[in-house]
Amino acid sequence: MAKETMQAISEAESKARQAVLDAKAEAQRLTEDAQAQGEKAIQAAVKEARKKADVLCGVARADAEKLRSQVREQTLSQQESLRRGAQENRGKVVEEIRRIVLGETT
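Residues numbered from 1 in each chain as written. Predicted model: local features only at pLDDT ≥ 70, side-chain atom pairs only at ≥ 80, totals over all residues. Heavy atoms only, no water.

With respect to the overall build of the protein chain
The helix and strand tally for the protein chain stands at 1 helix and 0 strands. Rg of the C-alpha trace for the protein chain: 44 Å, well past the compact-globule value of 13 Å for 106 residues, more than 25% over. Viewed in the frame of its principal axes, the protein chain has a C-alpha envelope of about 145 × 25 × 15 Å. About 9800 Å² of surface is accessible on the protein chain, with carbon and sulfur atoms providing 57% of the total. Counting 20 positive and 18 negative side-chain charges, the protein chain places the centres of these two groups 6 Å from one another. (Helix = DSSP H or I, 4+ residues; strand = E, 2+ residues; numbered from the N terminus. Rg over C-alpha atoms; globule rule 2.2 N^0.38 Å. Areas by Shrake-Rupley, 256 points an atom, 1.4 Å probe, with all protein chains shown as cover. Lys, Arg positive; Asp, Glu negative; His and termini not counted. Charge placed at Lys NZ, Arg CZ, Asp CG, Glu CD.)

Given below as structure tokens:
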């Protein structure tokens, strides 16, 4: 009976050791799987972020071009308005200069 008990204890210890080794191996496998999944998730997030950044850059470029066009149109319109104003007042300016130079008073 003592021999059978010792053998049973030995088998139980062996099974316990094997269970611990199996658990460690499973834990290692799960850890590696989790790391691989984490890396894939990070890569997917980076890829998606790049796509969104590209889209936002495109929108920003389009908005900037639209704003540039609007500012250019406004600038040209203001320049034309100033030219018209200068042309309209040219005669008055010439007359005023002539008056000052000739010393005429009104």
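Concerning the pattern of salt bridges
Scanning all chains against the criterion turns up 7 salt bridges. The salt bridge involving R17 is made with E13; its shortest N-O contact spans 3.9 Å. Here the residue R17 and the residue E13 both occupy positions in helix α1 (residues 2–102), the gap between them amounting to 4 residues, near one helical turn. Residue classification places E13 among the partly exposed positions, given a relative accessible area of 44%. Notably, a salt bridge pairs E96 with R99, separated by 2.3 Å at the nearest N-O pair. Within this pair, E96 and its partner R99 are both found in helix α1, separated by 3 residues, close to a single helical turn. Using a relative accessible area of 35% as the deciding quantity, one classes E96 as partly exposed. Residue classification places R99 among the partly exposed residues on the basis of a relative accessible area of 27%. (Salt bridge = Lys/Arg side-chain N within 4 Å of Asp/Glu carboxyl O. Buried < 20%, exposed > 50% of the residue type's maximum accessible area, 1.4 Å probe, protein only.)

By themselves, these figures tell us nothing about what the structure is for.
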